[in-house]
Amino acid sequence: MIDFQIPEETRLLVDTVRRFVENEVQPLEEEMEAREGLAPEVLAGLKAKAIGLGLFAMNMPEEVGGGGLSAVEMCLVEEQLGKTTEALIRNIFGQVYEMLTTCRGRQREEYLFPSVRGERICAFGITEPEAGSDAASIRTTAVRDGDDYVLNGSKHFISDGDIADFAVVMALTDPEKRARGGITLFLVDRDTPGYRVGRVQPMMGHLGCNHAELVFENCRVGADKVLGEPGEGFRLIMSTVSRVRLAHIGARSVGMATRVLELARNHAAERRQFGQPIGEFQMVQKMLADMATDIFAARMMILNTAWELDQGRDPRDKLSMVKVYASEMMNRVADQGIQVFGGMGWCKELPLERVYRDSRVLRIYDGTSEIHRMLIARNLLRNGFALEGDHV
Ligand SMILES: Cc1cc2nc3c(=O)[nH]c(=O)nc-3n(C[C@H](O)[C@H](O)[C@H](O)COP(=O)(O)OP(=O)(O)OC[C@H]3O[C@@H](n4cnc5c(N)ncnc54)[C@H](O)[C@@H]3O)c2cc1C
């Protein structure tokens, strides 16, 4: 039996998040954009409030202090978070990487628990100037020296790289093996000698949240800083990105697109030209209808894939399809939203031009549209088309 009902408890949680975002977070968007940041005490106050309401690190398991939400619940919550900006989400609700659950022994006290409590910020360093889509071609090395590893290399575009207290850094421990057992993840504290934050890289959007270079020069860390098993870093990353793709990219896109559609719908009803509301013109109606249809399609793909994850399946192809479809849907909706508003859509007095800029990166990070299409096609050619995730 297929049951699309959302349990009352989940509905209440989603409603709490929705009200928090609408009443407390959205009013800060303009200032965050204009100043590319907010007074630290304002952000700290809201973060404390989110923590108090149990709205921080909701993606993390309950046993480590997180919200323990299922993938479906997480997507429904992320739809609400998506209705505000990336910078505000990161600062208030936290971006705790699920791979930290791999922490063992003392690592749990030093990295996992403080991150879940919102006391420490983690950056995640994979990408390098010479290694983007082809992540396994990284040049950063970690050479074993007695009980230590010595890291050399640099990363770029690292979100929150400038403010992170520590970084999970992907490095080569066996250049011959690379993705097949030669890549290791390290937990590196910001104050480790040889760890340096390089330039903050100016970006088109996400104002108020920075992306920076990280540089490692003879940066020495103990073997106890290996996250997971030595050589297993690539596999570990691949096994923990599912919910990021689904919730952060997919569900947030649905939330933001829904906000754009609401604005467009209201405008189409109120704005009059040629003596009538523009919503009575069929070409404007087409834009509204296409936006609604696109959002619905993405939402169904996301919730179905989330459900499969909750069943313990491995819907890899669907995750790639969600990544492609939701990110491109968001770009189409942002574009149409602006078109419905005409000149006002392009004006900074409305959030639409920001949404348009911020949406663009969704097709680039966490695997570009081209890379995900390649993965979908490769599996399709090899194994045929299976929508129940049973060939992956
Ligand atoms: C705002 C922002 C935040 C980011 N945050 C982080 C972060 O926190 N941590 C981190 O590690 N990284 C981060 N990244 C990096 C991001 O993951 C990469 O930008 C992304 O993987 C693409 O790599 P690239 O930019 O080097 O592009 P490239 O890999 O150089 O790709 C350039 C073009 O070539 C195409 N292409 C490449 N290979 C193929 C192929 N095989 N087939 C077809 N087309 C192909 C691509 O699709 C793209 O169109 C961030 C990036 C941005 C912009």
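Residues numbered from 1 in each chain as written. Predicted model: local features only at pLDDT ≥ 70, side-chain atom pairs only at ≥ 80, totals over all residues. Heavy atoms only, no water.

Asks: How do you make sense of the overall build of the protein when you look at a structure like this?
Replies: Summing up its helical and strand segments, the protein has 13 helices and ten strands in all. The C-alpha radius of gyration of the protein comes to 22 Å, within 12% of the 21 Å expected for a compact globule of 392 residues. Along the three orthogonal principal directions, the C-alpha set of the protein runs to about 80 × 55 × 40 Å. Within the protein, counting contacts between residues at least 6 apart in sequence, those at least 24 apart form 73% of the total. Accessible surface for the protein amounts to roughly 18,800 Å². Of this, 53% is attributable to carbon and sulfur atoms. Taking the average place of the 47 positive charges on the side chains of the protein and the average place of its 58 negative ones, the gap between the two points comes to 3 Å. (Helix = DSSP H or I, 4+ residues; strand = E, 2+ residues; numbered from the N terminus. Rg over C-alpha atoms; globule rule 2.2 N^0.38 Å. Contact = heavy atoms within 4.5 Å. Areas by Shrake-Rupley, 256 points an atom, 1.4 Å probe, with all protein chains shown as cover. Lys, Arg positive; Asp, Glu negative; His and termini not counted. Charge placed at Lys NZ, Arg CZ, Asp CG, Glu CD.)

Asks: Explain the nonpolar core to me, please; I cannot follow it from the model alone.
Replies: When a protein is soluble and globular, its nonpolar side chains tend to lie buried together. Counting 61 residues, the largest nonpolar core has I92 and F93 as its most contacted members. Secondary structure elements with two or more residues in this core: α1 (8-25), α3 (40-52), α4 (71-81), α5 (86-93), α8 (242-270), α9 (282-310), α10 (316-341) and α12 (352-360). Broken down by element, this core gets its largest block of residues, eleven residues, from α8. Lining this core are residues from two domains, each supplying at least three of them: domain 1 (8-94) and domain 3 (241-383). The next biggest cluster of nonpolar side chains, apart from the first, holds 32 residues, and it includes F56, V64, L112 and F124. (Core = buried A, V, L, I, M, F, W, Y, C linked by side-chain atoms within 4.5 Å. Buried < 20%, exposed > 50% of the residue type's maximum accessible area, 1.4 Å probe, protein only. Domains from an automatic or database assignment.)

Asks: Where do I start with a nonpolar patch on the surface in this structure?
Replies: A grouping of L380, F385 and L387 is seen on the molecular surface, where their side chains present a nonpolar patch of about 320 Å² in accessible area. Residue classification places L380 among the partly exposed positions, given a relative accessible area of 39%. (Patch = residues over 30% accessible without salt bridge, like charges linked within 9 Å, V, L, I, M, F, W, Y side chains within 5 Å. Salt bridge = Lys/Arg side-chain N within 4 Å of Asp/Glu carboxyl O.)

Asks: So what exactly am I meant to see when it comes to the domain arrangement of the protein here?
Replies: Interfaces are often sized by the accessible area lost when the parts come together. Once the domains are mapped, the protein shows domain 1 (8-94), domain 2 (122-231) and domain 3 (241-383). Taking the mean C-alpha position of each, domain 1 and domain 2 sit 28 Å from one another. The partner domain 2 presents six residues to the eight residues of domain 1 that form the contact. Carbon and sulfur atoms make up 56% of the area that domain 1 and domain 2 hide from each other, which totals about 640 Å². On the domain 1 side of the contact with domain 2, E33, E36 and R90 bury the most area, a combined 59% of that side's loss. Here domain 1 and domain 2 share one salt bridge between them. (Buried area = accessible area lost by both parts, 1.4 Å probe.)

Asks: How should empty space enclosed by the protein be read in this particular structure?
Replies: Which parts of space are left empty comes out when a probe the size of a water molecule is rolled across the atoms. All told, the structure shown has three cavities of 30 Å³ or more when counted by the stated rule. Each pocket or cavity is described by its volume, and for the largest cavity that value is around 70 Å³. Lining the largest cavity are 13 residues; nearest its centre among them are N59, M74, E78, F93 and G94. For the lining of the largest cavity, the elements supplying multiple residues, two or more each, are α4 and α8. (1 Å grid on protein atoms, 1.4 Å probe; cavity = no way out; pocket = protein on both sides within 12 Å on 5 of 7 lines; lining within 4 Å. Points joined across faces, edges and corners; volume = space filled by probe spheres on them.)

Asks: Just to check I follow, could you spell out the pattern of salt bridges for this structure?
Replies: Think of it this way: side chains of opposite charge can pair up when their charged atoms draw near. Tallied over the full model, the rule gives 38 salt bridges. Among the ionic pairs, E217 bridges to R196, the shortest N-O distance being 3.5 Å. With E217 in strand β7 (residues 211-222) and R196 in strand β6 (residues 195-200), this residue pair connects regions lying 21 residues apart in the sequence. Salt bridges sharing partners connect three or more residues here, namely E78, E86, R90, D160 and R252.

Asks: In this structure, what is going on with the site of the ligand? I would like to understand it.
Replies: For the ligand, the set of nearby residues contains 18 residues, the closest of which are F124, T127, S133, T368 and E370. At 2.6 Å from an oxygen atom of the ligand is found a side-chain nitrogen or oxygen belonging to S133. Note that a nitrogen atom of the ligand is positioned 2.9 Å from one of the backbone N or O atoms of F157. Computed on the free molecule, the ligand has an accessible area of 980 Å², of which 65% lies beneath the protein chains in the complex. Elements represented by at least two residues in the shell around the ligand include exactly β1 (122-125), β3 (148-159) and α13 (369-383). When residues of the shell around the ligand are sorted by domain, at least three fall in each of domain 2 (122-231) and domain 3 (241-383). (Near = heavy atom within 4 Å. Polar contact = N/O pair within 3.5 Å; in protein donor to acceptor, adjacent residues only side chain to side chain.)

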